[in-house]
Amino acid sequence: MADITSSVAVPAPTRRRIRWSLIADHAILIAGSLFMLLPLLVLLQTASTPDLETMKNGPGLYLGDQLDDNFRKAMFEASGFSGANTGLSMLKNSLILGLGFAFGKIVIGMMAAYAIVYFRLRFATLAFWLIFTTLLLPLEVRILPSYEITQKLGLLNTYTGLIVPLIASATATFFFRQFFRSVPEELVEAARIDGAGPVKFFIDILVPLSQTMIAAMFIIMFVYGWNQYLWPTMITTEEDMYTLVRGIKQIVQVLEGNEIPQYGRANVLAIISVIPPVAVVIFFQSWFVKGLTESDK
């Protein structure tokens with residue numbers, strides 16, 4: 001009897017085709033990542049070399065041995081005249097400013113959007129568009145009136161003066177309004193039948209439903225508050241109230257004097273100032289994408 005297997009043709013092994021489009025996509029992503037990381041690598045290099053060497057030769061392609069010393073100076077030694085603006089104190093002030101902006105803008109934005117969507121106000125739509133048009137006004141347009149009011153209220157060099165005057169957010173109001181409008185009307189009717197009042201409905205139903213949107217807004221507002229420079233510069237005149245962004249600027253201003261610029265110290269603070277926003281974005285990344293794209297509630 002003939003062997004059956006001998007009459008069956010064995011298929012030849014197929015060669016895997018090279019997907020050049022996929023390789024090109026990855027090459028572009030890798031090149032873009034390296035391009036974005038290049039400034040951080042320059043900061044790391046100048047933060048680890050002596051200031052005099054950096055001033056003479058500029059940035060190089062090697063790491064020095066001064067990173068620990070520059071880190072200690074940046075975080076624990078004070079600069080300026082009062083001796084109060086250490087890196088730790090400036091980091092604390094920046095965290096308070098960023099968190100205050102994030103929580104304050106989220107709360108105000110949610111309450112404003114809740115009133116516009118669920119309360120039968122005669123001019124609710126007009127009020128919303130008036131709030132929305134404030135997005136067209138940059139901070140510089142209203143900074144002088146805001147400063148004058150803050151100064152008259154005696155809020156200079158306070159956390160209240162840093163946070164409260166800029167706590168209103170048209171961006172948060174807009175996004176929460178769009179989110180609340182997507183909540184099914186049946187849910188509102190069911191809560192009303194169960195006897196839930198406006199406050200209970202807001203706290204027990206809308207806030208839990210808005211977790212992803214809250215996370216998305218938290219990232220945006222935290223980074224916005226963390227990177228503030230102009231407003232803290234005007235509000236804070238005492239060195240113990242300086243934020244990281246302003247403290248870095250003060251350190252590099254020594255270029256105008258006769259001293260050697262503290263490149264290492266300033267660049268260590270610059271690297272540290274990048275870490276909290278990056279950590280917030282990484283931690284809330286999935287919620288951020290979900291909050292801005294999710295439509296099924």
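Please read all numbers here as calculations on a predicted model, not as lab measurements.

A short note on the overall build of the protein chain
When you go through the protein chain residue by residue, the secondary structure sums to 15 helices and 0 strands. By residue count, 35% of the 297 residues in the protein chain fall in the buried class. The long-range fraction of contacts in the protein chain, counting pairs at least 24 apart against all pairs at least 6 apart in sequence, stands at 74%.

Considering a nonpolar patch on the surface
Together, Leu37, Leu38, Leu40, Leu41 and Val42 give the surface a local cluster of nonpolar side chains, amounting to about 410 Å² of exposed area. Secondary-structure assignment places Leu41 in helix α1 (residues 20-47). A residue is classified by how much of its surface remains accessible, and Leu41, at 52% relative accessible area, is exposed.

As for the packing of aromatic side chains
Under the criterion given, the structure shown has 20 aromatic pairs. Centre to centre, the rings of Trp129 and Phe132 are 5.4 Å apart; their planes meet at 85°, and the pair counts as edge-to-face. Of the two residues, Trp129 and Phe132 are both situated in helix α5 (residues 124-133); the distance of 3 residues between them amounts to about one turn of the helix. Phe132 gets classed as partly exposed once you look at its relative accessible area, which sits at 27%. In textbook terms, an aromatic cluster arises when at least three aromatic residues are bridged by ring pairs, as seen for Tyr114, Tyr118, Phe119, Phe176, Phe179, Phe180, Phe201 and Phe202. The positively charged end of Arg177 is found above the aromatic ring belonging to Phe128, 3.9 Å away from the centroid.

Focus on the side chain of Arg246
Mapped onto the secondary structure, Arg246 falls in helix α13 (residues 244-252). Despite its burial, Arg246 pairs with no opposite charge, the nearest such side chain being Glu239 at 8.1 Å. In this view, Arg246 contacts Tyr229, Pro232, Thr233, Thr236 and Thr237; residues no more than four positions away in its chain are not counted.

Section: the pattern of salt bridges
Tallied over the entire structure, the rule returns 6 salt bridges. For the salt bridge of Asp204 with Lys200, the shortest nitrogen-to-oxygen distance reads 2.8 Å. Separated by 4 residues within a single helix, Asp204 and Lys200 lie in helix α10 (residues 198-209), roughly one turn from each other. Three or more residues are tied together by salt bridges with common partners; here these are Asp69, Arg72, Lys73 and Glu77.

Quick notes on the packing of helix α4 (residues 87-118) against helix α11 (residues 211-226)
Geometry of a packed helix pair, given as the angle between the helix axes and the separation of the axes. Remark: α4 packs on α11, axes separated minimally by 8 Å, with the N-to-C direction vectors making an angle of 135°. Classified by the angle between their axes, α4 and α11 sit oblique to one another. Between α4 and α11 lies a crossing whose hand is right-handed. Counted together, Leu91, Ser94, Leu95, Leu97, Gly98, Leu99, Phe101, Ala102, Phe103, Lys105, Ile106 and Met110 of α4 and Ile214, Met217, Phe218, Met221, Phe222, Tyr224, Gly225 and Trp226 of α11 form the full contact between these two elements. Residue composition of the contact of α4 with α11, by class: 16 nonpolar, 3 polar and 1 charged.

Quick notes on the nonpolar core
In terms of nonpolar packing, the biggest core is built from 43 residues, with Tyr118, Phe176, Phe180, Phe201, Leu206 and Leu269 touching the most fellow members. The element contributing the most residues to this core is α4, with 9 residues. The contact partners of Leu269, leaving out residues within four places of it in the chain, are Ala74, Met75, Gly87, Met90, Leu244, Ile248 and Ile251.

Notes on unusual backbone geometry
Notably, Asn157 is not glycine yet its phi reads approximately 60°, a positive angle. The topology assignment puts Asn157 in the loop between α6 (139-152) and α7 (159-163).

Remarks on the packing of α4 against helix α8 (residues 170-181)
For the pair α4 and α8, interaxial distance at closest approach is 8 Å and the crossing angle is 45°. Our classification of the angle between α4 and α8 gives oblique. The way α4 lies across α8 gives a crossing that is right-handed. Residues Lys105, Ile106, Gly109, Met110, Ala112, Ala113, Tyr114, Ile116, Val117 and Tyr118 of α4 pack against Ala172, Thr173, Phe176, Arg177, Phe180 and Arg181 of α8.

Some words on the side chain of Arg265
Residue placement: Arg265 occurs in helix α14 (residues 263-283). The side chain of Arg265 sits in the buried core without any salt bridge; Glu77 is the nearest counter-charge, 4.9 Å away. Those residues in contact with Arg265 that sit more than four places away from it in its chain are Asn70, Lys73, Ala74, Glu77, Ala78, Ser79 and Ile251.

About the cut-offs
- Residues numbered from 1 in each chain as written.
- Predicted model: local features only at pLDDT ≥ 70, side-chain atom pairs only at ≥ 80, totals over all residues.
- Heavy atoms only, no water.
- Helix = DSSP H or I, 4+ residues; strand = E, 2+ residues; numbered from the N terminus.
- Buried < 20%, exposed > 50% of the residue type's maximum accessible area, 1.4 Å probe, protein only.
- Contact = heavy atoms within 4.5 Å.
- Patch = residues over 30% accessible without salt bridge, like charges linked within 9 Å, V, L, I, M, F, W, Y side chains within 5 Å.
- Areas by Shrake-Rupley, 256 points an atom, 1.4 Å probe, with all protein chains shown as cover.
- Salt bridge = Lys/Arg side-chain N within 4 Å of Asp/Glu carboxyl O.
- Phe/Tyr/Trp six-rings, centres within 6.5 Å; stacked < 30°, edge-to-face > 60°.
- Lys NZ or Arg CZ within 6 Å of the ring centre and 35° of its normal.
- Lys, Arg positive; Asp, Glu negative; His and termini not counted.
- Axes fitted to C-alpha atoms, helices over the stretch in contact; angles between N-to-C directions.
- Parallel < 35°, antiparallel > 145°, perpendicular 65-115°, else oblique.
- Left-handed = near helix turned anticlockwise from the far one by under 90°.
- Nonpolar A, V, L, I, M, F, W, Y, C, P; charged D, E, K, R; others polar.
- Core = buried A, V, L, I, M, F, W, Y, C linked by side-chain atoms within 4.5 Å.

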